[in-house]
Structure formats: C-alpha cells, structure tokens
Number of protein chains: 2
Amino acid sequence: MSDRTGTRRADFEGKAREATPLAASKPAAPKAAPRASAPKSAALKRRNGAGPLSLGMLDGHLGYYLRRAQIWIFQDFIRTLEGLDLRPAEFSVLAVIGGNKGLSQADVAQRLGIERARLVRLLDRLEKRGFTQRLPSPTDRRSHVLRLTPPGQQMLKRAKALVMVHEARLIERLGPAPHKIMIDALRDFDR
Amino acid sequence: MSDRTGTRRADFEGKAREATPLAASKPAAPKAAPRASAPKSAALKRRNGAGPLSLGMLDGHLGYYLRRAQIWIFQDFIRTLEGLDLRPAEFSVLAVIGGNKGLSQADVAQRLGIERARLVRLLDRLEKRGFTQRLPSPTDRRSHVLRLTPPGQQMLKRAKALVMVHEARLIERLGPAPHKIMIDALRDFDR
C-alpha cells in the first residue's frame with residue numbers, strides 16, 4: 001500500500017486536515033472574498049485570448065461548485081468576525097451551548113458532528129477566554145454541564161450581529177429564494 | 001500578534017490547509033457517507049433522553065449546512081472513485097484538460113481557481129501515471145500546452161462513469177429540483 005493511499009484514507013476518515021474536493025480548496029488570490037469587481041466572464045477566457053474555457057465534465061457536478069462557494073463563505077465569515085477574534089467553529093460551539101440548557105460535551109459533539117477530542121480543544125480555548133464553563137452535572141457524576149458565562153453571552157450576542165451581516169451578504173449574492181431553498185435542502189443532508 | 005492570529009491569517013489567505021468553518025470539518029464517524037439508516041431525529045436528541053437539541057443561532061445560517069453537506073459529498077466522491085485511485089482534484093484537472101484544446105497551466109489554474117504551485121504538483125503526479133503530457137506551445141516558447149494521453153482519456157472516461165453514479169446519489173438525496181437550483185445559484189458564486 002502506497003503512502004498516497006494511506007494519505008487518502010486519513011483524509012477520508014476525517015483524521016487528517018481536510019483535503020480538497022474537485023481541486024477547489026486553494027483558490028488563487030482569495031483575498032477579496034466579497035469582491036464585486038472584474039467581469040464574470042473574464043476568468044473564463046484564456047490568457048492568450050482564445051475562446052472561453054470549458055469546465056469539461058466538471059460542469060453540472062454540484063460538488064465542485066459547492067466547494068468553491070463554501071470556501072468563499074468561510075473566508076467571508078472569518079473576515080466579518082475578525083474583530084471579535086472568533087473562529088467559525090468557536091461561534092458554532094457558543095451558539096449551541098447558548099441555545100440549550102444543561103448540555104454535555106457529548107451532546108455538543110453529536111449535534112455539531114465533530115470529534116470529541118476536537119471539541120475539548122475548542123472548549124479549552126473558550127474557557128480560557130472566559131466564555132464557557134464546565135460544571136459538574138447534577139444528574140451524572142461522570143459528566144459535565146456546559147454553559148455560557150455572562151462574557152460568553154455578550155460575545156455570542158456581538159458575534160450574532162456580525163454573522164447576520166455575513167448572512168445578508170450571502171443572501172444578496174445568492175438571491176433570497178435560492179438561499180432559502182438551499183437551507184431547506186441541506187439542513188438534514190448528512191444525517 | 002499571537003500565534004493564533006498568524007494561523008488564522010494563513011488559513012484566510014488559503015496558504016495553510018483549510019480549517020473548518022462552523023465546526024463541521026471533522027464529522028465524527030464519517031465512514032458511512034451514503035447511509036440511509038438511523039432515524040433523522042436520533043442525532044437531535046440528547047443522550048440522556050432530554051428534549052431535542054437546538055442549533056441555537058446557527059440555525060438559518062447557510063454556511064454551516066453547506067459545510068456539512070460539502071464534507072459528505074467529498075467523502076462520497078472519494079469512496080466512489082476509490083477503485084481508480086483518482087482524487088477529486090485530479091479528476092477536475094483531467095476534466096478541464098480533456099474539455100479544452102491547447103490549454104496552458106495558467107489557463108487550468110485560473111479556471112479551477114487553484115494555485116499554480118499546487119497545479120504543478122497535481123500535473124507531476126498525473127504525468128507520472130501517464131495520463132497527461134506537457135508539450136511545447138506552438139505559439140509561446142515560454143509556455144506549455146497540456147493534453148491527455150490515450151490512457152488519460154481512458155481514465156477520464158472511466159472516472160466520468162463513476163462520477164455520474166456519485167452525482168445520481170446526490171440528486172436522489174437532494175431532489176432533482178433543489179439540485180438544479182443549487183447548481184444554477186452556485187455556478188458563478190465566487191467570481
């Protein structure tokens with residue numbers, strides 16, 4: 001078995017950092033995510049002025065487009081929340097803890113579909129910044145209950161305001177109807 | 001400036017391997033991508049039997065759902081093409097070269113939105129396996145023209161058949177209408 005196969009297996013099982021589907025993980029010059037400049041057709045033309053470039057068999061395959069969009073969204077999210085120093089994964093964890101009373105770590109990991117070990121690292125960082133607490137569970141001595149501190153609630157509130165700005169940008173870019181259709185179609189997609 | 005800020009900047013500029021938006025990059029137990037088992041509501045319940053878990057403020061934010069779907073699609077793509085030992089990025093490159101005559105490396109990098117250095121590594125691997133060739137450009141001595149070899153054409157043909165199986169699974173899961181709406185909405189999303 002070659003190294004390459006081993007690498008792929010690691011990616012596949014989600015243990016390595018994620019590799020790229022359909023060649024779109026590292027977009028060139030991604031510094032201006034919400035750019036509205038440059039005519040759309042420009043990137044489709046060859047540099048030597050020959051006809052437009054075809055995607056060949058890639059065209060019509062959703063995964064390719066979805067990946068490119070997801071990278072754009074990720075970059076826009078990070079940029080929008082830069083002032084709070086809050087990463088997307090951290091926002092997710094705060095949002096789920098803030099939205100439920102008496103959650104355990106297992107609950108959060110399960111709901112967000114992330115590995116326990118990764119959640120523990122996230123919670124360590126959030127706790128260090130004073131946003132979350134792990135308290136002894138009143139019903140299960142082996143477990144903890146998670147909650148937001150008042151500064152954590154405040155951070156979540158500020159983050160929410162910025163995430164709404166980010167989401168509004170997305171809605172504007174996609175159109176309100178496709179945005180809603182996509183949320184409805186993807187909500188339970190991987191369950 | 002902390003290390004953490006440095007890390008984020010690297011992610012943001014697409015130079016580091018991609019981190020995770022909205023906590024969904026490393027789904028727990030992703031081994032059974034096309035599973036149809038387990039009632040959908042199961043994952044929403046707490047392990048202690050309390051009420052369903054809320055996503056809190058995450059609900060309604062497209063990026064979160066999109067990221068989870070993108071991971072599922074990526075895993076399903078890799079599994080489906082496992083027998084060909086062809087990664088998604090390699091498929092993309094073969095498809096674009098196969099779909100256009102006289103492409104340069106710059107053309108392919110631009111069309112797929114990937115960095116030149118990464119494309120060079122991809123082409124090195126594809127060339128080593130005998131699928132692609134870099135020929136001197138007839139019009140530009142500093143450039144090369146890319147083309148598929150006959151084995152490369154054969155590989156692309158076999159890959160296409162499997163990618164269609166993968167896409168059919170996606171269409172079944174999303175429904176044909178949302179699938180089409182999403183392709184149309186995302187086709188030029190990041191341009």
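Along every chain, residues carry numbers that run from 1 in the direction the sequence is written. Key to labels: chains lettered from A, ligands numbered from 1, both in the order written. pLDDT decides what is reported in this predicted model: residues at 70 or higher carry local features, side-chain atom pairs at 80 or more are listed and counted, and totals for whole chains, interfaces and linings draw on all residues regardless. Remark: hydrogens and water are excluded; side-chain values derive from all non-hydrogen atoms of the structure.

(A) Region of the structure containing the overall build of chain A. Tallying secondary structure elements over chain A gives seven helices and two strands in all. When the helices and strands of chain A are placed in sequence order, the string is α-α-α-α-α-β-β-α-α. Only protein chains enter the accessibility calculation, which uses a 1.4 Å probe. A residue is then buried if its area is under 20% of the maximum for its type, exposed if over 50%, and partly exposed in between. Residue burial in chain A is summarised as follows: out of 191 residues, 51% are buried. Taking contacts inside chain A between residues at least 6 apart in sequence as the whole, the part at least 24 apart equals 56%. What sets the accessible areas is the Shrake-Rupley method with a 1.4 Å probe; for residues, cover comes only from the shown protein chains. Surface summary for chain A: the accessible area is close to 8,700 Å², and the carbon and sulfur share equals 55%. We count a stretch as a helix when DSSP gives it H or I for four or more residues in a row; a strand needs E for two or more, and each element gets its number in order from the N terminus. Note on contacts: a residue pair is in contact if any heavy atoms of the two residues lie within 4.5 Å.

(B) Highlighting the nonpolar core. Judged by nonpolar contacts, the single largest core of 88 residues is most densely connected at A:Leu86, A:Leu112, A:Leu186, B:Leu86, B:Leu112 and B:Leu186. Once you skip the residues sitting within four places of it in the chain, B:Leu186 turns out to touch A:Leu62, A:Tyr65, A:Leu66, A:Ala69, A:Leu174 and A:Met182. Note on terminology: a nonpolar core comprises buried Ala, Val, Leu, Ile, Met, Phe, Trp, Tyr and Cys residues joined through side-chain atoms within 4.5 Å.

(C) Main features of helix H6 (residues 150-174) of chain A. Expected helix span is computed as 1.5 Å times (number of residues minus one). With 25 residues, H6(A) extends 36 Å between its outermost C-alpha atoms, agreeing within 8% with the 36 Å of an ideal straight helix rising 1.5 Å per residue. Regarding H6(A), the residues found buried are A:Gly152, A:Met155, A:Leu156, A:Ala159, A:Val163, A:His166, A:Glu167, A:Leu170 and A:Leu174. Buried-residue contacts for H6(A) involve helix H2 (62-80), helix H3 (88-98), strand S2 (144-148) and helix H7 (176-186) of chain A together with helix H2 (62-80) and helix H7 (176-186) of chain B. Two residues or fewer after H6(A) comes A:Gly175, characterised by a positive phi angle close to 90 degrees.

(D) Representation of the environment of A:Val165. Positionally, A:Val165 belongs in helix H6. In this structure the C-alpha to C-alpha distance between A:Val165 and A:Val96, which are 69 residues apart in sequence, comes to 20 Å.

(E) Broad picture of the pattern of salt bridges. Residues and elements named next belong to chain A. By convention in these notes, a salt bridge is any Lys or Arg side-chain nitrogen within 4 Å of a carboxyl oxygen on Asp or Glu. Applying the stated criterion to the full structure yields 18 salt bridges over all chains. Where Lys180 meets Asp184, a salt bridge forms, and the shortest distance between an N and an O atom there is 2.6 Å. On the criterion of helical spacing, the pair formed by Lys180 and Asp184 is a turn pair, its members being four residues apart in helix H7. For Asp184, a relative accessible area of 42% translates into the label partly exposed. Where Asp184 meets Arg187, a salt bridge forms, and the shortest distance between an N and an O atom there is 3.5 Å.

(F) Quick look at the packing of helix H3 (residues 88-98) of chain B against helix H6 (residues 150-174) of chain B. Residues and elements named next belong to chain B. Two numbers describe how H3 lies on H6: the axes approach to 10 Å, and their chain directions differ by 115 degrees. Here the hand of the crossing between H3 and H6 comes out left-handed. Here Phe91, Leu94, Ala95 and Gly98 of H3 come into contact with H6, specifically with Met155, Leu156, Ala159, Lys160 and Val163. Think of it as three bins: nonpolar holds Ala, Val, Leu, Ile, Met, Phe, Trp, Tyr, Cys and Pro, charged holds Asp, Glu, Lys and Arg, and polar takes everything else, Gly as well. Split into classes, the residues belonging to the contact of H3 with H6 amount to seven nonpolar, one polar and one charged. To obtain each axis, a line is fitted to C-alpha atoms, and for helices this fit is confined to the stretch in contact; angles are then taken between N-to-C directions over 0 to 180 degrees. A clockwise turn of the near helix away from the far one marks a right-handed crossing, whereas an anticlockwise turn of less than a right angle marks a left-handed crossing.

(G) Highlighting the environment of A:Gln133. Residue and element names in this part refer to chain A. With respect to the helices, strands and loops of the structure, Gln133 is situated in strand S1 (residues 132-136). On a C-alpha basis, the gap between Gln133 and Val120 in space is 12 Å, while along the polypeptide they are 13 residues apart. Beyond its immediate chain neighbours, meaning those up to four positions away, Gln133 contacts Glu127, Val145, Leu146, Arg147 and Thr149.

(H) Representation of the packing of aromatic side chains within the structure. Ring geometry is summarised as follows: Phe, Tyr and Trp rings, the Trp one being its six-membered ring, pair when their centres sit within 6.5 Å, and such pairs are stacked at plane angles under 30 degrees, edge-to-face over 60 and tilted between the two. Throughout the structure, instances matching the rule amount to six aromatic pairs over all chains. In this scheme, the term charge over a ring applies when either NZ of a lysine or CZ of an arginine sits within 6 Å of the ring centre and within 35 degrees of the ring normal. Over the aromatic face of B:Phe189 sits the side chain of A:Arg173, whose NZ or CZ is 5.3 Å from the ring centroid.

(I) Region of the structure containing the confidence of the model for chain A. Residues and elements named next belong to chain A. Model confidence for chain A is summarised by a mean pLDDT of 79, while 73% of its residues fall at 70 or above. Contacts from residues 1-43, a stretch scored under 50 in pLDDT, to residues over four places away or in other chains number 115 contacts. Both scores are available for the predicted complex, with the pTM at 0.72 and the ipTM at 0.74. One confidence number per residue, pLDDT, is output by the predictor and ranges from 0 to 100.

(J) Focus on H7(A). Of all the positions in H7(A), only A:Pro178, A:His179, A:Met182, A:Ile183, A:Ala185 and A:Leu186 are classed as buried. Around the axis of H7(A), the buried residues are gathered within 170 degrees of arc, so they sit on the same side. When the buried face of H7(A) is taken as reference, the exposed residues oriented beyond 90 degrees from it are A:Pro176 and A:Lys180. Looking at the buried positions of H7(A), the neighbouring elements they touch are H6 of chain A together with H2, H6 and H7 of chain B. Summarising the geometry, the arc corresponds to the directions from the helix axis toward the C-beta atoms.

(K) Examining the packing of H3(A) against helix H5 (residues 116-128) of chain A more closely. All names here are of chain A. In contact at an axis separation of 10 Å, H3 and H5 are set at 85 degrees when each is read in the N-to-C sense. Taken together, the axes of H3 and H5 are roughly perpendicular relative to one another. Each of Ala89, Glu90, Val93, Leu94 and Ile97 in H3 lies in contact with H5, whose residues at this interface are Arg118, Leu119, Leu122, Leu123, Arg125 and Leu126. Each residue belonging to the contact of H3 with H5 can be placed in one class, and the counts come to eight nonpolar, no polar and three charged. For classification purposes, an angle smaller than 35 degrees is called roughly parallel, one larger than 145 roughly antiparallel, one from 65 to 115 roughly perpendicular, and anything else oblique.

(L) How the structure looks around the environment of A:Met57. By secondary structure assignment, the location of A:Met57 is in the loop between helix H1 (3-12) and H2. Exposure remark for A:Met57: the relative accessible area of 25% places this residue in the partly exposed category. The contact partners of A:Met57, leaving out residues within four places of it in the chain, are B:Phe91, B:Ala95, B:Leu156 and B:Lys160.

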